[in-house]
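Results of the structural survey
Okay, here's what each chain looks like letter by letter:
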Amino acid sequence: MRIHKLAPVVCASILLASCGNEKNSEGQRTVVAGEVINRTEEDPNVVIWNLCDPIVNERLGQRLADDGSFRFETDGITCLHNATLVCGDFINLFVAPGDSVHLTIDAAKMRTGEPGAVRFGGAHAEDNDRLSAIMDYAYDCLYNCPEPLSLDFSAAPEAMLVRIRERTGQTSDSVEAYARRTGIVLDDTLRDFVRRDLIFALANQLLEYKYDDPQEQLALFGDPLFGIHDTANFRSMMYPYHLLAYMQTKIEADTAVAAAWERRELAQMVRGGIRILSEEPATRSRDVMMWQFLTDRIDQNPELYDSVPELKSVFTDPSLGERLEAWAGRLKAAPVFPDMPVKGVAYLAADSTVVEVPEGDIFAYLTAKYPGKVLYIDVYATWCGPCRVEMKEAPALHKLMQGKDVVFVNLCLASDRETWLRFVAQQRPEGENYWFDEDATNLFTGTYSLDGYPTYILVGRDGKIATMKAERPSALAQASEHIDDLLAR
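What comes next concerns the included structure. Bear in mind the structure is a predicted one, so any value in this text is a computation, not a measurement. (Residues numbered from 1 in each chain as written. Predicted model: local features only at pLDDT ≥ 70, side-chain atom pairs only at ≥ 80, totals over all residues. Heavy atoms only, no water.)

Ranked by size, the top nonpolar core spans 94 residues in total, and within it Leu-85, Ile-134 and Leu-294 carry the most contacts. When residues of this core are assigned to their parent elements, the largest contribution, 9 residues, is made by helix H4 (residues 188–203). Leave out the neighbours within four places in its chain, and Leu-294 touches Val-270, Ile-274, Leu-311, Val-314, Phe-315 and Leu-324. (Core = buried A, V, L, I, M, F, W, Y, C linked by side-chain atoms within 4.5 Å. Buried < 20%, exposed > 50% of the residue type's maximum accessible area, 1.4 Å probe, protein only. Helix = DSSP H or I, 4+ residues; strand = E, 2+ residues; numbered from the N terminus. Contact = heavy atoms within 4.5 Å.)

Let us now look at helix H11 (residues 318–332). Taking 1.5 Å per residue as the helical rise, H11 with its 15 residues ought to reach 21 Å, and the 22 Å between its terminal C-alpha atoms agrees with that figure. All of the buried residues along H11 are Leu-320, Gly-321, Arg-323, Leu-324, Trp-327, Ala-328 and Leu-331. Mapping the buried residues of H11 onto a view down its axis gives an arc of 160°, with all of them on the same face. Among the exposed residues of H11, those oriented more than 90 degrees off its buried face are Pro-318, Glu-322 and Arg-330. Packing partners of the buried residues in H11 comprise helix H9 (284–300) and helix H10 (304–307). (Expected span 1.5 Å × (residues − 1). Arc of directions from axis to C-beta.)

Let us look at the environment of Ala-346. Counting through the fold element by element, Ala-346 comes out in strand E10 (residues 345–348). Judged by relative accessible area, which is 0%, Ala-346 ranks as buried. Residues contacting Ala-346, with those up to four places away along its chain left out, are Val-354, Val-355, Glu-356, Val-357, Arg-417, Trp-420, Asn-433, Tyr-434 and Trp-435.

In the structure shown here, the tally under the stated rule is 18 aromatic pairs. Ring centres 5.0 Å apart and planes at 85° place the aromatic pair Phe-234 and Tyr-239 in the edge-to-face group. Here Phe-234 and Tyr-239 have matching classes, each one buried. A network of ring pairs unites the aromatic residues Phe-200, Phe-226, Phe-234 and Tyr-239 as a single cluster. Positioned above the aromatic ring of Tyr-347 is the side chain of Lys-369, whose terminal nitrogen or guanidinium carbon lies 3.5 Å from the ring centre. (Phe/Tyr/Trp six-rings, centres within 6.5 Å; stacked < 30°, edge-to-face > 60°. Lys NZ or Arg CZ within 6 Å of the ring centre and 35° of its normal.)

What follows is the structure in structure tokens.
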């Protein structure tokens, strides 16, 4: 589950070139800056840029300056695509390597939902404003229409595809009618973007779909409707999630790879994954699948980068191999993050009283409170279905670790405080329970670039973050092995 919920998309129709045509993006500085006006003390004081790049899906967060200004810079963007800014609400924008985008955000209008709450300047300004109106309406049609957005998970794959096509067509027709009423000009490029984005917004529902036969499920995700190797799909931030589901299904369907994973023969498992993905056409989509597969494996086991030398030359785009090498080198040195003072964190004591945590770096606070312990941290949200599923698996991991120097810490983000208290009372998650308010949530997710809920973090006895992508409780053998390894150090 992603950190950001589905939101309207803003992009520049004049620049809808495919990701596959972007060249030499490495090192191009992209800037997103602006100011928030008409603020009150109740308004958020933190802004987040969700890069939503298919390769660099990071989050950058910062506090607003005293005058309400903010400025993000990165050389991580790899292609033109739509992304989101979070400042009380989701703001959609379109960025490409080397862009400079400026926003003026009216907090008063944002609070009341008035039109014109965001004004764009810099790159793609006119197109951003125009497409913003279209996509706001399109997503309103999807999620607030009389017929709820839903798919019947008991239906056959063919019925799923029919439903997606029908709903895409209905919503596209509604967008056309709305454009005619409001005088917004829709050209062919804009129509194409809207259609693709709606398809992948609907296809996002398929991430919860499980069919008995893995090959039939793979055929569903790879249906021509989705155009797995059409690089124009990367214009939508929703597409990489569908591509990830296709990749995972393809690899999980291979019995040899599954057996290697069960035996913890990680190098063999990685080689098997590379073999399977190499069967795909040599396109940007294959490169992105390779990147997602390899970085997920290496993030949990950094030694894999050196033990599987062939993974250094698996990309059709050589710059991705260079990126992977640099990324693995940083990872082997252990994650390093700046001290980030956070306020707005509360702790639920054993007697059910709520205690405010002093402002400061949260990891420094936790390692000082639990010195010499290994910390297994569950970052979740109360509305997150997969988070609840994993919490039901957690007691088995707790039982295995009983009597060992391990502390289980639950951090609740992106959730209302009263809802959190009810959630803890009902679900009774074992361990230490903390809650983050909106500003604290945004600052935490931006600083540590969380890519979804739930996220599991392991901190060693030395107080250093061992990994931001620890195994879930449902991967019991792997999670317990990783914890035991940290305990032995």
